[in-house]
Amino acid sequence: MNTLTELLTFWQAQAGKLGQQTLQHIGLTAAALVLGVAVGVPLGLLLTRRPRLAPWVLGGAGILQTIPSIALLGFLIPALGIGPGPAILALFLYSLLPIVRNTLAGVQAVDAAVVDAARGLGLTDRQILRRVELPLALPVLLAGIRTAAVINVGVATLAAYIAAGGLGEFIFGGIALNNPAMILAGAIPAAALALAFDGLLAGVQRLSGRQLKRAGQVLLVSLPLLAGLYLLPRAASKLLAGFSPEFVGRSDGLPGLTLRYGLNPTSVVLAPALVYEAARSGDVDLIDGYSTDGRIRAYDLRVLRDDRHAFPPYQAVPVVRQQTLQAHPELAPALARLAGQLSDSVMTELNYRVDYRHETPRAVALDFLRRRGLWRRPRPVGGATIRLGSKIFGEQYILAELYAALIRGYTNLGVEAKTGLGGTTICAEALRTGAIDLYPEYTGTGLLVVLQPPAATLDSLGPDPAAVLQYVRREYRRRYQLEWLAPLGFNNTYALLMRRRHAERLGIRTVSELSAYLQ
Amino acid sequence: MSVPTPALEVRNLTKRYGSRTVVQEVSFALVPGETLVLLGPSGCGKTTLLRMLNRLVEPDAGQVLVQGTDVREQPAELLRRGMGYVIQQVGLLPHYTVAENVAVVPRLLGHAPAQIAARTEELLRRLHLPPEQFANQYPRQLSGGQQQRVGLARALAADPPIVLLDEPFGALDPITRASIRREFRELPELRRKTLVLVTHDVTEAFELADRILLLEAGRVQQLGRPRELLLRPANDFVRRFFAADRLSLQLRALYLNDLLTDLPPEAGTQIILPSESDTNIIHSSATVQQALEELSHLPADPASPAAATLWLETTAPAGYRPLTYASLMTAFGRTIQRLSAA
């Protein structure tokens, strides 16, 4: 009931966007369908004349069909970049199999005696195709187009991941924000569209003879028109931004930026995994990212300084069970050796080596400790074992390796790594129940995901890193008997990124300067 | 006297599929209006032979000539539009009405719509498919026999001089089959046409053929009039092929004309037709089978033997002679003996 009200409110508030996305969705589907029919039907007909090719072509189309849609989009991006091109191509590839297969099946199902009689009466091959085979295959052929249309409506939601618009923008925004109303706001119209396409084509299928011919003609004309509905914002403004769905929806993401800087760039929505790639290739000029991501270094991007503190602080801090600290007093000093050692740029460098140079987190961690003179030979184990946790991405693996090496070098404690613990809630739960003894966490995450304080408290904390750390430290102690130690130094928060050269040319270093440039 | 150009001539026609020879060195020539039946067991090559006539199958060697012209001299489609084509499965276009099906070839030939409509109506009427009832029906609404009639009408629509028929009655039940065959035989449309008909049914062949071409393993075993195959088989295969149906075939292959000399002389020739029996007349060009059928329709009344008599009309000498079961069968027996001995 609650979700329903939220949903209706959301639709009301975003009516313009809903309309636009629905039209984009219809346009995408129709464009791919036009291509699918234009290529699939002749291809199917060719196969009826060269049946020996059929297993190869159908097999190929079948393999395409089995490629997960998000992977197919991923394959297409290096060649075609982001935007409508790869989206339509992917949808087209998916629509190929049902259309080709049904064209072939439809024509092959035509009674051989009918074709033989027609040929015997003196119809030419072309006349047999047009007057006998195609009309008789039409119901099956239409069933194939119908299948393709429904598949396309579904897969077209993924177009939102590559800046091609459509109803997927709401869906993936909703998933990223864990907002069921927002997911439904996109999913319900998408399902309705699928039903509408299906119903429409089913109606066409039920027509007979001449009506069918008319309907076919209407369809041929209307599909390209529908495809024309598909219009995307293109860089009419100075810059085109590409943002991940979560960033667009989160109050500390784009809405926060708009609030603090008055920033509202022309933007498209993109899969989080693709924003960096899109920025590098120049498809978009401005993206959201994380300030210590290795790709900043790899793709030569510049982090725009958040001079008005729109993004909340996400300082990395080891969180440890109080029980453990009391039982092993030698542990805290060993962990403290890393405090303040990792700046944003140092962490970015380490991430880069793991994510892009494919060095192991352990090698990178040991190398770092050696260079800082922090490395010591492991001591013989003579006591309890410390269980180290980490979340499931490169930076956390590196931090876990750093702590493991320090504990081994500076204490007699054993170390057991429990890395790759899904997300924040899993790690926090593991720590509370004592399944692990410590893991690196970010202040902003502890605040928003675990503690979830009322809005008034959040406002009072504001963007001050020290205030946030103080608050989470106090609350963790009180609620969970967990201890936030000293910060490591870097702040893995949201960041606005531009290609370094582009930013240099425009003389943009801070978000304020960007905002001024866009005015 | 000049020899007329054959309507259809086949010279040394051969077809191989891989190493298998399906049709081997077949030759024949048909005069206009003649009906040739291609007869033989399944797989003997008769359908392949037929399909080479309208180039649905291209021969590996040999020639097909229509009115003395090689069929390869014109596009296959144009050739086919000039030949009727009827197949066992009928193959009506399921999305066309009966009238549209019949009109396919005339439309391809660009005939005027009014002319096509008139022709369609005429043909449907003649084939016992009243157009007001059937013209706008779809093939699936018709019975098998009705469909085959439409198929026949379609083949005849453009009035082609040659009609090819591949087991045209093969898919019908025996009763429908016999009645359609009778209609077929009596259809004036077909009398003038040169027909090539494929069948494996010996009775059908004898009923419809002017000449029979008996095929086995792609080779011609014998080509000739039905009675020649029956009474003077060229080889053992031909003899064995007809052995099972010998009597019934003889009844169909012999005409009353053949029996005239063997009819009992005591019956004599009456010049004047007996007044009471003016409906019980059969012409001497009928087969013995037909005479028997007529006799079986007469009332069996021992009190008036005249009523149980069939009058045989002869032309040379002109007159009428009485026929009874006894006299007919006696004469039939003698004739068979005489012809087989010759």
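Residues numbered from 1 in each chain as written. Chains lettered and ligands numbered in written order. Predicted model: local features only at pLDDT ≥ 70, side-chain atom pairs only at ≥ 80, totals over all residues. Heavy atoms only, no water.

A.B. asks: Describe the overall build of chain A, with residues and values.
C.D. replies: From N to C terminus, chain A includes 25 helices and 10 strands. With respect to the principal axes defined by its C-alpha atoms, chain A has extents near 100 × 55 × 50 Å. Across the 519 residues in chain A, those meeting the buried criterion constitute 52%. Pairs at least 24 residues apart make up 79% of the contacts formed inside chain A by residues separated by at least 6 positions. Surface exposure of chain A reaches about 22700 Å², of which carbon and sulfur atoms provide 58%. When the 50 basic and 35 acidic side-chain charges of chain A are each reduced to a single mean position, those positions are 4 Å apart. (Helix = DSSP H or I, 4+ residues; strand = E, 2+ residues; numbered from the N terminus. Buried < 20%, exposed > 50% of the residue type's maximum accessible area, 1.4 Å probe, protein only. Contact = heavy atoms within 4.5 Å. Areas by Shrake-Rupley, 256 points an atom, 1.4 Å probe, with all protein chains shown as cover. Lys, Arg positive; Asp, Glu negative; His and termini not counted. Charge placed at Lys NZ, Arg CZ, Asp CG, Glu CD.)

A.B. asks: Account for the side chain of Arg499(A), naming residues and giving values.
C.D. replies: Residue and element names in this part refer to chain A. Position of Arg499 relative to the elements: it lies in strand β10 (residues 494-499). By relative accessible area, which is 19% here, Arg499 ends up buried. A polar contact is formed between the side chain of Arg499 and the backbone oxygen of Val284, at a distance of 2.8 Å. Beyond its immediate chain neighbours, meaning those up to four positions away, Arg499 contacts Ala279, Arg280, Gly282, Val284, Asp285, Asp300, Leu301 and Arg302. (Polar contact = N/O pair within 3.5 Å; in protein donor to acceptor, adjacent residues only side chain to side chain.)

A.B. asks: Could you give an account of a nonpolar patch on the surface, with specific residues and numbers?
C.D. replies: Among the surface-exposed residues, Leu220(A), Val221(A) and Leu225(A) lie close enough to one another that they form a single nonpolar patch of about 330 Å² accessible area. As for its position among the elements, Leu220(A) is in helix α10 (residues 209-227). (Patch = residues over 30% accessible without salt bridge, like charges linked within 9 Å, V, L, I, M, F, W, Y side chains within 5 Å. Salt bridge = Lys/Arg side-chain N within 4 Å of Asp/Glu carboxyl O.)

A.B. asks: A description of the sheet that holds strand β4 (residues 61-66) of chain B should follow, citing residues and the corresponding values.
C.D. replies: Residues and elements named next belong to chain B. With antiparallel pairing, 4 strands are arranged side by side in an open sheet as β2-β1-β4-β5. With one partner strand each, in any of the chains shown, β2 (20-30) and β5 (69-70) form the two edges of the open sheet. Contacting β1 (8-17), β2 and β4, helix α1 (residues 46-53) crosses the sheet at an angle of about 120 degrees to β1. (Pairing = 2+ DSSP bridges. Axes fitted to C-alpha atoms, helices over the stretch in contact; angles between N-to-C directions.)

A.B. asks: So, the environment of Leu506(A): which residues are in play, and what are the values?
C.D. replies: All names here are of chain A. Mapped onto the secondary structure, Leu506 falls in helix α24 (residues 500-506). Relative accessible area serves as the criterion here: at 26%, Leu506 is assigned to the partly exposed category. C-alpha separation for the pair Leu506 and Ala143, spaced 363 residues apart in sequence, amounts to 54 Å. The contact partners of Leu506, leaving out residues within four places of it in the chain, are Leu239, Met498 and Tyr517.

A.B. asks: Describe in detail a positive patch on the surface, supporting the description with residues and values.
C.D. replies: A contiguous patch of positive charge, built from Arg126(A), Arg130(A), Arg131(A), Lys213(A) and Arg107(B), is present on the exposed surface. Tallying contributions element by element places helix α7 (residues 125-155) of chain A first for the positive patch, with 3 residues. Here Arg130(A) is to be found in helix α7. Taking the relative accessible area as the measure of exposure, Arg130(A) reaches 58% and is therefore exposed.

A.B. asks: Go over the domain arrangement of chain A, please, and point to the residues and values.
C.D. replies: Residues and elements named next belong to chain A. Each assigned domain of chain A is listed with its residue range as follows: domain 1 (2-231), domain 2 (240-309 + 496-518) and domain 3 (316-491). On a C-alpha basis, the centres of domain 2 and domain 3 stand 28 Å from each other. Contacts between the two partners involve 13 residues from domain 2 and, on the opposite side, 12 residues from domain 3. Together, the buried faces of domain 2 and domain 3 total about 970 Å²; carbon and sulfur atoms form 56% of this surface. When the buried area of domain 2 at its contact with domain 3 is split by residue, Thr292, Gly294 and Arg297 rank highest and sum to 52% of it. (Domains from an automatic or database assignment. Buried area = accessible area lost by both parts, 1.4 Å probe.)

A.B. asks: Lay out the nonpolar core in plain terms, naming residues and giving numbers.
C.D. replies: With 81 residues, the main nonpolar core has Ile82(A), Ile145(A), Ile162(A), Tyr276(A), Val284(A), Ile287(A) and Leu301(A) as its most contacted residues. No other element matches the 12 residues that helix α5 (residues 84-108) of chain A contributes to this core. Those residues within four positions of Ile82(A) in sequence are excluded, and the remaining contacts are Ile77(A), Ile162(A), Ala163(A), Leu270(A), Ala278(A), Asp283(A) and Val284(A). In terms of nonpolar packing, the next biggest core, distinct from the first, is built from 67 residues, Leu231(B), Leu256(B), Leu295(B) and Leu298(B) among them. (Core = buried A, V, L, I, M, F, W, Y, C linked by side-chain atoms within 4.5 Å.)

A.B. asks: If you had to explain helix α3 (residues 54-66) of chain A to someone new, which residues and values would you point to?
C.D. replies: When the terminal C-alpha atoms of α3(A) are compared, their 18 Å separation across 13 residues agrees well with the 18 Å that a helix rising 1.5 Å per residue should span. In this structure, the buried residues of α3(A) make contact with α2 (15-49) and α5 of chain A. (Expected span 1.5 Å × (residues − 1).)

A.B. asks: Could you give me a rundown of the environment of Thr147(A), with the residues and numbers involved?
C.D. replies: Along the chain, the position of Thr147(A) falls in helix α7. Considered as a pair, Thr147(A) and Asn102(A) are 45 residues apart in the sequence and their alpha carbons are 9.8 Å apart.

A.B. asks: Help me get a handle on the interface of chain A and chain B, residues and values and all.
C.D. replies: Taken together, the contacts link 17 residues of chain A with 23 residues of chain B. Where chain A abuts chain B, roughly 1600 Å² becomes buried across the two surfaces, and 62% of that area is made up of carbon and sulfur atoms. Taken together, chain A and chain B are joined by 1 salt bridge. Arg51(B) is the salt-bridge partner of Asp116(A), the closest N and O atoms lying 2.8 Å from each other. Linking chain A to chain B there are 5 residue pairs in polar contact (both at pLDDT 80 or more). Mapped by element, the contributors of at least two residues to the side of chain A that touches chain B are α6 (112-121) and α7 of chain A. Sorting elements by how many residues they give to the side of chain A that touches chain B places α6(A) first, with 8 residues.

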